[in-house]
Amino acid sequence: MLKVIQLDKTYGSNKHSLKNVNFTAQPGEVTAIIGPSGAGKTTILRSINQLIRDDSGQILLDGQDIRQANKAGLRKIRHHIGMIFQNYNLISPLTALENVLHGRLGAKSTVAGMLGLYSNEEKTEALELLDEVGLKEYAYQRCDQLSGGQQQRVGIARALMQHPKMILCDEPIASLDPKSTKIVMDILRRLAKDKQLIILINLHQVDIAMEYADHVVGINSGAIVFEGATKTVDDDVLQKIYRQTDDAKTVVSANEN
Amino acid sequence: MLKVIQLDKTYGSNKHSLKNVNFTAQPGEVTAIIGPSGAGKTTILRSINQLIRDDSGQILLDGQDIRQANKAGLRKIRHHIGMIFQNYNLISPLTALENVLHGRLGAKSTVAGMLGLYSNEEKTEALELLDEVGLKEYAYQRCDQLSGGQQQRVGIARALMQHPKMILCDEPIASLDPKSTKIVMDILRRLAKDKQLIILINLHQVDIAMEYADHVVGINSGAIVFEGATKTVDDDVLQKIYRQTDDAKTVVSANEN
Amino acid sequence: MIENSQPKPKTIQPVAPQTKHVSLVTRPRKILRGVLAGLAIITIYSLATLNNGNLVFADAFKSLGVNLNAMFLHPGVGQDTFGQLLRALVTSVSLAMLTTLLGAVIAFFIAVGAARNLAPSWLATTIKAVMAFIRAIPTILWVLIYSVVMGLGASAAVVGLTFHSVAYLVKAYSESIEETSQDTIEALKASGVGFWPIVFQAILPSIVPALLSWTFIRFEINFANAVAVGAAAGADDIGYFLFMAGSFYFNFHEVGLIVYLLLAVAIVLELVSMKLRGHYLKHN
Amino acid sequence: GCASGTSTSSSSNSSASKGKAITVVFYPNESAKSFAGSRDALKKSIEKATGKTVKLQTTTDYNVAIQAISSGKAQLAYMGANGYIQAHKLSKDVVPFAAQSDGEGTLKKATYNSYLMVQQKDAKKYEENGKYSIKNIKGKKMSYVSNSSTSGFLVPTAEITREFKVKDSDKDKLTQSGQFFSKVLYGGSHQGSAVNLIKGDADVAAFDDADLMPYLKVTKGSWDKVGSTFTVKDDAEAPFSSLKGKSVVNIAMMPVQQGPWVYNTKALTKDDQEKIAKEFTSQSFADNEKIFSKPGAKTPMMFPKKTNKTKLVKVTDKWYAPTHKLVGY
Amino acid sequence: MKTSFQSPQQFFRQRRLRLSVVLIILIGIYVTSMALVNFQTWTSIAKIPAGLIWLFHNFIPTERSISYLGPILYQLWRTLLVSISSTIVASLFALIFAILGAKTTTPSPVFRIVIRFGASLLRNIPVVAWAMILLFSFKQSDFTGFLALFFMTLGYLTRAFTETIEDLDAEKLQALQAVGANYFQCVFCGVLPEAASTLTSWVLYMIENNLRDATLVGLLTGTGVGFLFDYYFKSFRYDAAGLIVLLIAILVILLELTSTQIRRAIA
Ligand SMILES: Nc1ncnc2c1ncn2[C@@H]1O[C@H](COP(=O)(O)OP(=O)(O)OP(=O)(O)O)[C@@H](O)[C@H]1O
Ligand SMILES: Nc1ncnc2c1ncn2[C@@H]1O[C@H](COP(=O)(O)OP(=O)(O)OP(=O)(O)O)[C@@H](O)[C@H]1O
Ligand SMILES: [Mg+2]
Ligand SMILES: [Mg+2]
């Protein structure tokens, strides 16, 4: 279980990006974080695996506070948290298989990782994971030769390769066409159920959130304004989440239009 | 009115990409061309404005055969045919306004075109067109800072700037999210009605075609297998259009999946 | 929505393995390794057969230390005055400016003909081959040629140096042009736009940052070239003082000072180029 | 004498090449900064003699200077003997008119010396019957000045060719490592070649007397005698500053003809040619202390006087027959 | 959003003004420079064809120059070896410096400044100064040529590599960080593969470039094809010098073609 307690984050000096954020996410469930652009969705996710570090509060993953970990400890924790990005962020000239294997880096010694020495078991597992996301035939294809949806699925396989307890997804489908969106979201939902993972997804599309999430966290201007089961989300709730604040108005984002 | 008569096209030596293609498209209507990947949708559009040249048959726009035009004549005709692309194909470091003005380049002398000298009327018109597609505030924004949907709308404004008789759209919404899709398709439909344009759209999404098109052309393996009003399209027709042929099976396309 | 056929990828190099052993090596990877191994072997071979003239490395490095010390820690004006050196430095910078500006303008137009996405293939290939040939002709030879044809002086130096500039920039510019997407060019072509308007309205704005950075790199090279051979044509630039201090008077101190002057110019140049690039990328 | 057609061509010359300005081009050696005063004085006297403006051109490359005078882009040049032969071959219009005289004011001994030198400690190896010879230099490490130098390359190689009876087709072997010599170095300048020897990078080095006088003093014999010993002066400047007290011996000495002042007859009017030649060979010219430094003067000018009789005297192509023979054309 | 509402006329006026200012500055620089060095653009440009004619007239290899082919080819081969080895050795160092000095991968900004400055120093020391620094200590030999090329190449490649690495998408590296990879793993599994093809292009380009620069370095070290060029050039055997230029050009074009092929094959 992921428990975020009183998380606070200020960029620079004056701007409060996260204010006293509290929420929980359960294994086996898809938790969607929705909110207007600039609300702080990305900031939350990046705080959870501490890609953003100077924050305050508590982030408990199965009872352990991620924020207290030292450097080595953090690497170990990160190794168990998969992350999926809007732009996939694969190493493009490498094959799909190698990108999936990168998921093992956090568990390897520096030298073995540097030289890319993977055991046969790891390689076989990587192939199986690619199979699981429907990309077995593309294993030896360069990633930049894959379509967006395919790349995102490689990203998922890479996250799975970490044997994660939790997967964080930052707008995983924003760059995808509807068909790919469906494939990717189906996979994520299936993973949550089958492997009992905590899946946390930042989403812009409310309809997708409604369709796939079990649990919804609504955020506006850095503050949690709603948390509850998906079926309890109604128009009033959406109104509250997407309410225009002065803060939100000034935000520029390419996603919005 | 656009009338395509017995259009034939062979890439290389053996492969017949278009076989005896006949169809018409009326001003004031949205005509959708649908068909499986590799069927020849793109080839048809590119033949119409002769970006692909070594074909045979007739392409009559308001009675004039485009294929017979000489180089200067072709430039003039092209100037009256707007084209919209899946990847928008805007000049990214330039502002939206400048990209729209590019629609006038085809009508200018070489020197005026090189130097980008536009009249005051043209500039005002470009701004009005941006307003028409809902992007007035973005007129001075660099195009690569716009979202996909916004870029596509700039593309439409650019096409309108040509004072076109016809707009050709090659999968204009394949890269767009549902919200942007709706905005763009609404604009296209409105333009057909308001300005009595011939609008020809290649589409992969049947549901969108059903919703927005007046007239549907179905193509499979380079041959027209259906042409008729949208309401006459039923499951049988779709079956026929999307029937697997040996040809179609071998096609690889990054757009799909 | 109707399902299309799942496309099969064109290339699946190693057969999907049933066995335990999974190979990560694809064909491009093998070629890369082959190339690297080949280069490594050549390197080792040539280092092993390198004639080092029975060098005693300890002595060599000691003397290197002494010389560097004289040059960089004790720079001095030698027999010249600081004013003379500065005046000559300005001349060198001017030479570099002229060759760069002249080279850039000429090169842009030639580059349009050398870009494969704009010009016919035969033309592009021919231009590129000619440019490669021009680049292979040593700078000093160009300067000689034009000092014979035009007489000694800065004009000969500028024209001689400009040849290299043009040849280099044509290559760089045409590659930048080739990187602009064919689709955007086609978009304008489809609306009936002619060739030159496309070049100036579509291609040029897209590649300005690339052009800027190549031009600045070339400026740096031109400056170095002007210093190296400008003096041969009697351009009276800093290269003359450097040649005299270096080859005639063996004055390490003055060479050191001149190197400092050249570095100062280089640093200013680098700052300007960074500022401009940053400005362009951010401002727009 | 002067190339034929000089007088006839003067009328047919284009005005462009005979404009108001006269360009004087200098070899890299005479382009030295310390000669700036001499160059200025030269300019003044040419301007005075002809009434035309004079442009001075220094160069750092022999070829450029030679091409400039032979193409007529420069009207006047002061060159080395070898360079003159090359320029004369490129264009017969390049004609010598004055050269530095010997101590008697004549052309008889109007030469300077080129040496083949070895280190003093090795000098014994090159002795044969109490006389020095170059028989033993084969297979040694050789240092030249640069392959365009008269005294530091052309004359020494000619001497070696003569001594070893090297065939014409094998002449290039003297110039590259691992053939006649185990190693061939190029010092870039006369000083550089000497440094190669004194530092031990070369066993034998070629260089001339004039350029080394500021750095070396005679400790045995004289500048004009084979087998003399020369020692680096205590106050020698870089690059000799770390080599003080080291000694070298000349095992061979070859006379080199003084370089000429030349003009390009196509590019200079007959009238100007005469005026300049007259001015240069005049006594008042030789008395100009900016151009001719007094015997033993501390700061040498472009023409250091051996005796007070030293001056510029008239020469013709004929006088350079010995160097013509050395070069081969 | 940009909400400063202007008319398009205003916008274009501003843009044209900016362009004019830039143009005027450039023309100003040009004219000033012209005046400073007394350069005549038009008369000079008019002389260009004459120069080319002179070049072809004098530098066309003749039958006699064929007899020089043997030594030329041998020296060309030696020069090729030296350019390759110096580039490869320099690229190894440049890679390390670039990783330490690139904004995205530097362990400390101090490295960044030191490396940038150092690379700039190496690039901007003129050949004559290299000659003094190296010749006096390392004498005339292949090795000195190697060193000179090594240092100059190091300067250029460090800059090129640094910029290549900085151009990479920083987010991709963060993705690896998020996996739990440490610094070295990020560099070796992320930065290097991502940059590999660009880096290879630079290395191949530098080999080609060093071959051309061999003429300069040859003067400096009395070795290689550059020395031969200088030798023939100074002894007025222009046909032989022309033959060398021709051979270098052919070799450079061949190298360029090969490197294009290689780049395509490893993509
Ligand atoms: N590196 C940063 N420095 C300063 N402020 C930042 C930084 N990153 C984000 N912010 C600010 O923090 C706030 C939250 O940003 P965040 O990226 O988390 O929003 P988001 O909900 O992910 O928005 P979007 O939907 O546009 O991705 C915004 O106001 C943003 O401007
Ligand atoms: N330049 C070309 N050279 C050879 N064959 C081509 C070329 N372009 C297209 N084809 C072939 O022509 C046929 C029609 O292609 P086209 O691009 O028109 O299909 P499409 O219906 O637009 O497909 P998609 O939905 O994937 O865009 C295909 O079989 C394709 O392989
Ligand atoms: Mg975000
Ligand atoms: Mg298509």
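Residues numbered from 1 in each chain as written. Chains lettered and ligands numbered in written order. Predicted model: local features only at pLDDT ≥ 70, side-chain atom pairs only at ≥ 80, totals over all residues. Heavy atoms only, no water.

**Thoughts on the overall build of chain E**
Point 1. Along the backbone of chain E there are 12 helices and zero strands.
Point 2. Going from N to C terminus, chain E has its helices and strands arranged as α-α-α-α-α-α-α-α-α-α-α-α.
Point 3. Compactness check: chain E gives a C-alpha radius of gyration of 24 Å against a globular reference of 18 Å for 267 residues, more than 25% above the reference.
Point 4. Over its C-alpha atoms, taken along the principal directions, chain E stretches across nearly 75 × 55 × 40 Å.
Point 5. Looking at chain E as a whole, 58% of its 267 residues are labelled buried.
Point 6. Contacts in chain E between residues at least 24 apart in sequence constitute 74% of all its contacts with a sequence separation of at least 6.
Point 7. Carbon and sulfur atoms form 71% of the exposed surface of chain E, whose accessible area is close to 11200 Å². (Helix = DSSP H or I, 4+ residues; strand = E, 2+ residues; numbered from the N terminus. Rg over C-alpha atoms; globule rule 2.2 N^0.38 Å. Buried < 20%, exposed > 50% of the residue type's maximum accessible area, 1.4 Å probe, protein only. Contact = heavy atoms within 4.5 Å. Areas by Shrake-Rupley, 256 points an atom, 1.4 Å probe, with all protein chains shown as cover.)

**Looking at the environment of T307(D)**
Residue and element names in this part refer to chain D.
Point 1. Along the chain, T307 turns up in the loop between strand 16 (303–304) and strand 17 (312–313).
Point 2. Residues T307 and G296, 11 residues apart in the sequence, show an inter-C-alpha distance of 9.2 Å.
Point 3. Beyond its immediate stretch of four places on either side in the chain, T307 contacts G103 and P295.
Point 4. Of the polar contacts made by the side chain of T307, one reaches the backbone nitrogen of K309; its length is 3.0 Å. (Polar contact = N/O pair within 3.5 Å; in protein donor to acceptor, adjacent residues only side chain to side chain.)

**Observations concerning the nonpolar core**
If you look at soluble globular proteins, the nonpolar side chains tend to sit buried side by side.
Point 1. Membership of the largest hydrophobic core comes to 332 residues, with the highest contact counts inside it found for L97(B), L130(B), I199(B), L116(D), Y144(D), F240(D) and W261(D).
Point 2. Top contributing element to this core by residue count: helix 8 (residues 195–229) of chain C, with 16 residues.
Point 3. Ranked by size, the runner-up nonpolar core spans 63 residues in total, among them I84(A), I187(A), L197(A) and L176(E). (Core = buried A, V, L, I, M, F, W, Y, C linked by side-chain atoms within 4.5 Å.)

**A look at unusual backbone geometry**
Point 1. If you check the backbone angles, D62(A) has positive phi at about 50° while not being a glycine.
Point 2. One non-glycine residue, Y88(A), adopts positive backbone phi at about 65°.

**Side note on the side chain of T43(B)**
All names here are of chain B.
Point 1. Tracing the backbone shows T43 in helix 1 (residues 41–48).
Point 2. Relative accessible area serves as the criterion here: at 9%, T43 is assigned to the buried category.
Point 3. Contacts of T43, omitting those with residues within four sequence positions, involve K9, Y11, L18 and I52.

**Concerning the sheet that holds strand 14 (residues 260–264) of chain D**
All names here are of chain D.
Point 1. The six strands lie next to each other as 2-1-3-14-4-17, forming an open sheet whose pairing is mixed. Looking at strand neighbours, the two that pair on one side only are strand 2 (54–58) and strand 17, the edges of this open sheet.
Point 2. Here strand 1 (residues 22–26) pairs with strand 2 via five bridges, running parallel. Note on strand 2: the bridge partner recorded for V25 is Q57.
Point 3. Contacts between helix 2 (residues 36–50) and the sheet are confined to strand 1, strand 2, strand 3 (76–78) and strand 14, with strand 2 contributing the most and set at about 150° to the helix.
Point 4. Against the sheet, helix 4 (residues 81–90) contacts strand 4 (94–100) and strand 14, and its axis sits at roughly 165° relative to strand 4. (Pairing = 2+ DSSP bridges. Axes fitted to C-alpha atoms, helices over the stretch in contact; angles between N-to-C directions.)

**What to know about the domain arrangement of chain A**
Residues and elements named next belong to chain A.
Point 1. As assigned here, chain A comprises domain 1 (2–80 + 164–256) and domain 2 (91–163).
Point 2. Each of domain 1 and domain 2 has a C-alpha centre, and the two are 25 Å apart.
Point 3. Counting residues at the interface gives 18 residues for domain 1 and 18 residues for domain 2.
Point 4. Considering only the surface of domain 1 that becomes buried against domain 2, R75, H79 and P164 emerge as the three largest contributors, covering 38% of it.
Point 5. At the boundary of domain 1 with domain 2, the tally comes to one salt bridge.
Point 6. Where E132 meets K195, a salt bridge forms, and the shortest distance between an N and an O atom there is 3.3 Å.
Point 7. Between domain 1 and domain 2 we count seven residue pairs in polar contact (both at pLDDT 80 or more) in total.
Point 8. Elements supplying a minimum of two residues to the side of domain 1 that touches domain 2: helix 2 (71–79) and helix 7 (178–195).
Point 9. Considering every element that reaches the side of domain 1 that touches domain 2, the biggest residue donor is helix 7, with eight residues. (Domains from an automatic or database assignment. Buried area = accessible area lost by both parts, 1.4 Å probe. Salt bridge = Lys/Arg side-chain N within 4 Å of Asp/Glu carboxyl O.)

**A few points about the site of ligand 2**
All names here are of chain B.
Point 1. As a structural note, the neighbourhood of ligand 2 is formed by 15 residues, with K15, S37, G38, T42 and T43 the closest of them.
Point 2. For ligand 2, an oxygen atom lies 3.2 Å from a polar atom in the backbone of A39.
Point 3. Relative to its free-state accessible area of 640 Å², ligand 2 is covered by the protein chains to the extent of 67%.
Point 4. For the shell around ligand 2, the elements supplying multiple residues, two or more each, are strand 2 (15–25) and helix 1.
Point 5. Top element by residues in the shell around ligand 2 is helix 1. It accounts for three residues.
Point 6. Among the residues forming the shell around ligand 2, the class breakdown is three nonpolar, nine polar and three charged. (Near = heavy atom within 4 Å. Nonpolar A, V, L, I, M, F, W, Y, C, P; charged D, E, K, R; others polar.)

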